[in-house]
Amino acid sequence: MARRFSKSKTIDTRSEEEQQQDRSRRIRFIGPWAITALGPVLVEGGHLAVAGNPAALALATLGIAGTGASLCKFLGHLDSKAKRDKDTVRLHQVNTIAVTAAATLGTITGVDTAATAGAWAIGGVGLSLANNLWSAFHTKSSQKGTSKWEKLEAEIGLAKHELKEPKSNGKGTVIAQVEAKDGATADDLVRRIPALASALKIGKGRITHTVDDDDSSLITMRVQVADLLKEGFPWRGPSAFGASIGDVPIRTGRYEDGEDVLLNITGMLRDPGPLSNGNVEHAIAMGVNGAGKTQGNQLIIVECGTRTECSVIAIDCSKFQQDFGHVRHGIEWPIDKKDAARRFFKLLPNAIEKRTDFLAAKGMSKWEPGCGLNFLVIIGEEAADFAADNEHYQKILRTARAAGIWILTSIQRATHNNMDTDSRANSPAGLCFGLRDGADAQYCLPDEAIEAGAWPQWGNRKPGYHYAAGLGIPEDRWHITARTELASKRDQADAITAGAAIRTPLDSITAEAFGDLYANRTTYDAPLLPKEEGEEDTSQQAAPAPAPTATATAPAAPAASAYTGPPDEEMDDVDEETMAREVEELNEMLQNVLDEDPEPGEYDHLRIEDDIDAPADDAPVFELGGDDSDKLTSDQGRQALHERLDQWVREGKNSFAPREVTDIVIRVNLSDTKRWFYRQRDALIEAGVISEDESDEGFGKYDILRSPLS
């Protein structure tokens, strides 16, 4: 019985994709050799067909050359769509040009001679070997480079976002252009950025993006793959020592891509550089305790203190000497008490009015360099101490920018209970340092910066790291992380000391507007620095305020001692034995007075029910006073009240209670002296001489803003 033999069929277990890749690989390896072997037959056939007809030969030659050129351009388009690397594109172009040239020359001369056949064979073998070697060694690296984005497209849904060729700046930053297609939007990409950051193994906030203003489908994606700010940058000193604050921007640090952080605080600059000119933009500096806000403010003070046409007013009601002691001699007006800050903000509207009137008289709508006024930089450190419920603060922010005044509100968290929402709305610029919750950046940074990916949720782990928005900075840099430069207190103090020779004194218009409050301010002529080894212990006391540049309308009052309030009683250094002896002596003195009784009572013998004889006609009469000769008219009472306020101003007394002027009020020759006082009070408030003390501890008191006689 014969056996039936059957041939078993081999089953291919590979997937369809793997089989397709295998077929493509075979074509890449066999294709060049097939063209080298079969090409001469086709070319020689074409040559024989048109060799006897010159016109046909010319047309055939042009046709082959044109076809080759078109094929070359078409392959370039396909390579661009497939996002192939430059080396692959060059290989395709070389192959296309070589085949076109060989076919054209072969059609003209033929391939039947030894020379032409040899040339074809040598060129064909060389190109075939080159293509095989390229396919063997380049395919893996090419697929490795292009498959990552393709894999991301498949895994996190980026198929509708085409990645253009990414570029690195050599400083840890990769910038790529992304085009949204088929109705995709930038928001679709933004929603997938957290997944993209996870896939690329980088931290949150390291991928940011901006959308083209003219074409919303074009997105610039920025990936920071390395933190170059970690080691910090040493302070390079003042950016433009001796220049006007209106010449060039101030420099406070560096971005993570190595560019300088420049701020245009005046709005208008003669040489803005990369920044734009515009209007003054008040700013909020926000960050948790220890995030580096104060160090940034110190650098701003040093920059302003080494320029001309600029005066700095620093308000720190918590720890002024600790924060700004080393640069205090460069601050035109240091304010370290809440009541002084409150009075300052009450007088600032008057200064704004005087300054804007001065600029308007010169035909200026805003402050400009050389206008005759100093640019005022007001830095409010720990602003929650004075900005939370200060109605004057929000009004000032609305009007100060036209007067050449820039206000920086430094605060840990600019929520509504720490800073009025209107005040926040009138501070469009932001310097956002580390936060406990990155979402709090909305209280400091514009929406554009947050939407682009700014995320400062590093707390105080990275002191000095921040985002800067507004202040003339291009919008495409609002979401780039920066860091303030590292400057020692002594270096900053030396720069401020050197700047004393070039700083412009406060202009008379502003000094007059602030009046006695400015004239009686405390100033410093030396920095407060820790002693270095071998340095002598020299006292660093407050210096008297220089004479104001304003010209007073009233005659100068005689100098008076500064009002210091009731003296503090120090009992710690008195020993108990001495105290007991003094108490015993005091008791003995009192007993002696009682024993002596130098004026015995004339009526000691009388009882309660006895009548007292009338005094004699010549007996002396004791009177309490208050006769008509001691009375004051309404005008005289007003003058006495003004003189009392003027005296208090010269003594440095800044507030009073109504009971402190009762002796004047009761002498006014009117039936209703209480109503008279209220009329005088309202007139003084309207004139800006006094104002109500709105603080919790100042209920019923009044702040003295200036002398009514000046």
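Note that the structure is predicted; figures quoted are calculated from it, not measured. (Residues numbered from 1 in each chain as written. Predicted model: local features only at pLDDT ≥ 70, side-chain atom pairs only at ≥ 80, totals over all residues. Heavy atoms only, no water.)

1. Let's talk about the environment of S318
Along the chain, the position of S318 falls in the loop between β9 (310-316) and α8 (320-324). For the pair formed by S318 and E382, sequence separation is 64 residues and the distance between their alpha carbons is 7.2 Å. If we skip the residues at most four places from it in the chain, S318 touches E382 and D385. (Helix = DSSP H or I, 4+ residues; strand = E, 2+ residues; numbered from the N terminus. Contact = heavy atoms within 4.5 Å.)

2. Focus: the sheet that holds strand β19 (residues 690-692)
Strands sit in the order β18-β20-β19 across an open sheet of three strands; the sheet is antiparallel. Edge positions in the open sheet fall to β18 (655-656) and β19, since each of these has one partner strand only. Of the pairings in the sheet, the one linking β18 to strand β20 (residues 702-704) comprises two bridges and is antiparallel in character. Following the sheet pairing, S655 is matched in β20 by D703. With respect to the sheet, helix α17 (residues 634-651) is in contact with β18, β19 and β20, its orientation differing from that of β20 by roughly 65 degrees. Seen against the sheet, helix α19 (residues 673-686) touches β19 and β20 and runs at an angle of roughly 105 degrees to β19. (Pairing = 2+ DSSP bridges. Axes fitted to C-alpha atoms, helices over the stretch in contact; angles between N-to-C directions.)

3. Quick look at the pairing of strand β8 (residues 283-286)
Neither face of β8 is left uncovered, since the one carrying A283 and A285 and the one carrying I284 and M286 both have all their residues buried. Judged from the four bridges that link them, β8 and strand β13 (residues 429-432) form a sheet pairing that is parallel. Paired with A283 across the two strands is A429, which belongs to β13. Sheet analysis places β8 next to strand β12 (residues 405-411), joined by four bridges and oriented parallel. Bridge pairing in β12 places A285 opposite S410. (Buried < 20%, exposed > 50% of the residue type's maximum accessible area, 1.4 Å probe, protein only.)

4. Quick look at empty space enclosed by the protein
Using the criterion set out here, one finds five cavities of 30 Å³ or more in the structure. Around the largest cavity, the lining residues are T252, V261, L263, K293, G296, N297, I300, L431, F433, H466 and T484. Residue assignment for the lining of the largest cavity shows that the elements contributing at least two residues are β7 (260-263) and α7 (293-305). Broken down by element, the lining of the largest cavity gets its largest block of residues, four residues, from α7. Tallied by class, residues from the lining of the largest cavity come to five nonpolar, five polar and one charged. (1 Å grid on protein atoms, 1.4 Å probe; cavity = no way out; pocket = protein on both sides within 12 Å on 5 of 7 lines; lining within 4 Å. Points joined across faces, edges and corners; volume = space filled by probe spheres on them. Nonpolar A, V, L, I, M, F, W, Y, C, P; charged D, E, K, R; others polar.)

5. Details of unusual backbone geometry
Here E309, not a glycine, exhibits a phi torsion of approximately 60 degrees, which is positive. Checked against the element boundaries, E309 lands in the loop between α7 and β9. Residue classification places E309 among the buried positions, given a relative accessible area of 15%.

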